[in-house]
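# Coordinates in review
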Amino acid sequence: MVTEFNLQILENNAGLGDRLDRYLSQELSDISRSRIQQLIEEGNVQLNGKVCTSKKINVKVGDRIILEIPEAQPLELQAEDIPLDILYEDDQLLILNKPAGLVVHPAPGHPDGTLVNALLAHCPNLPGIGGVQRPGIVHRLDKDTTGAIAIAKTDIAHHHLQAQLKAKTARREYLGVVYGAPKTESGTIDLPIGRHPQDRKKMAIMPLEQGGRSAVTHWQILERLGNFTLIHFQLETGRTHQIRVHSAKMGHPIVGDPVYSSGHSVGVNLTGQALHAWRLKLQHPVSGEMIEVTATPPTQFTKLLDMLKRRIAL
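Residues numbered from 1 in each chain as written. Predicted model: local features only at pLDDT ≥ 70, side-chain atom pairs only at ≥ 80, totals over all residues. Heavy atoms only, no water.

### Points about the overall build of the chain
Scanning the chain for helices and strands turns up six helices and 15 strands. Projected onto its principal axes, the C-alpha positions of the chain cover 65 × 50 × 35 Å. Residues counted as buried form 46% of the 314 residues belonging to the chain. Of the accessible surface of the chain, which amounts to about 16000 Å², a share of 49% is contributed by carbon and sulfur atoms. Computed over 34 positive and 33 negative side-chain charges, the separation of the two mean positions in the chain equals 7 Å. (Helix = DSSP H or I, 4+ residues; strand = E, 2+ residues; numbered from the N terminus. Buried < 20%, exposed > 50% of the residue type's maximum accessible area, 1.4 Å probe, protein only. Areas by Shrake-Rupley, 256 points an atom, 1.4 Å probe, with all protein chains shown as cover. Lys, Arg positive; Asp, Glu negative; His and termini not counted. Charge placed at Lys NZ, Arg CZ, Asp CG, Glu CD.)

The structure is reproduced here in structure tokens:
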């Protein structure tokens, strides 16, 4: 199946005089510019009825553009014997404590060594649950975010868990260490998030009319540590990089975040951002029982807290 986009450039369109690839990336914010360039080079773009393989050609008023996106070819996933820290498991679902550095599912640049590869070895019947490319995955954690993540082992569980996330009945709580000291003890950040208009690897606060999606994060201070703060976050939505983007917008980015903070050293060798999915509460997809698990923070997270506490005690 081919996905097709038809666009006509009108006088009030943004991007007049832009290169073809830049115009398309502005109009189709869910597709990265590098992906659009690849589609152009592979002959998947027509300009005024003719195939156009030049990403540099300038577009003008009246131009008609058709972009075709071929169906993604399933990745050939291999089972890999990677140790898993299991917090809960039965025949329907699995909840793990994900370590830092582990990518959730294969993607360009990470074809193997992912959580999905490990799951295929642990759960031989997993392929096909929720799709070929991301079997069993209901929600995700960033590569360097640690903590609790739920995996569906059956189609029933997959649909049920996804419905809970959509209805906001599943509870996801995080611990994060941020730079600085918020003036209030708690708050809610309700700001939409979308793909960054210039840097496609980043997310940003983005108005809904420009492609942003609703994002709500509740936060409460657990401990003030001098010029750092331990915060408890609760997600109402689950956008990519949500806590990291919202924290940075507050003026208090997550410590060690290589993308949204200054990244200056704090004296502890962190793998990535000091953000941990601490507690996960959801309804069992078959029994209806409420399941709550707590994931122990990694050693580097507790070392960071210990060091900050020693500093303020001096």
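### Looking at helix α3 (residues 115-122)
Summarising burial for α3: six of the eight residues are buried, a large majority. Every buried residue of α3 is accounted for by Leu115, Val116, Asn117, Ala118, Leu119 and Leu120. Packing partners of the buried residues in α3 comprise β6 (93-98) and β7 (146-152). Where α3 begins, the side chain of Thr114 points an oxygen toward the backbone nitrogen of Val116, at a separation of 3.3 Å. (Contact = heavy atoms within 4.5 Å. Polar contact = N/O pair within 3.5 Å; in protein donor to acceptor, adjacent residues only side chain to side chain.)

### Let's talk about unusual backbone geometry
A positive phi angle, near 55 degrees, is found at Asn48, a position not held by glycine. With respect to the helices and strands, the residue Asn48 is situated in the loop between β2 (45-47) and β3 (50-51). At Lys168, a residue that is not glycine, the phi angle is positive and equals roughly 65 degrees. Residue position: Lys168 is located in the loop between α4 (155-167) and β8 (171-179). By relative accessible area, Lys168 is classed as partly exposed at 44%.

### Quick notes on the nonpolar core
Membership of the largest hydrophobic core comes to 43 residues, with the highest contact counts inside it found for Ile95, Leu115, Leu119, Ile151, Tyr174, Phe233 and Leu282. Broken down by element, the residue count for this core peaks at five residues, all from β7. Leave out the neighbours within four places in its chain, and Leu282 touches Leu93, Ala150, Leu161, Gln164, Ala170, Glu289, Met290 and Ile291. With 16 residues, the next largest nonpolar core counts Val177, Val266, Val268 and Leu270 among its residues. (Core = buried A, V, L, I, M, F, W, Y, C linked by side-chain atoms within 4.5 Å.)

By themselves these figures say nothing about function.
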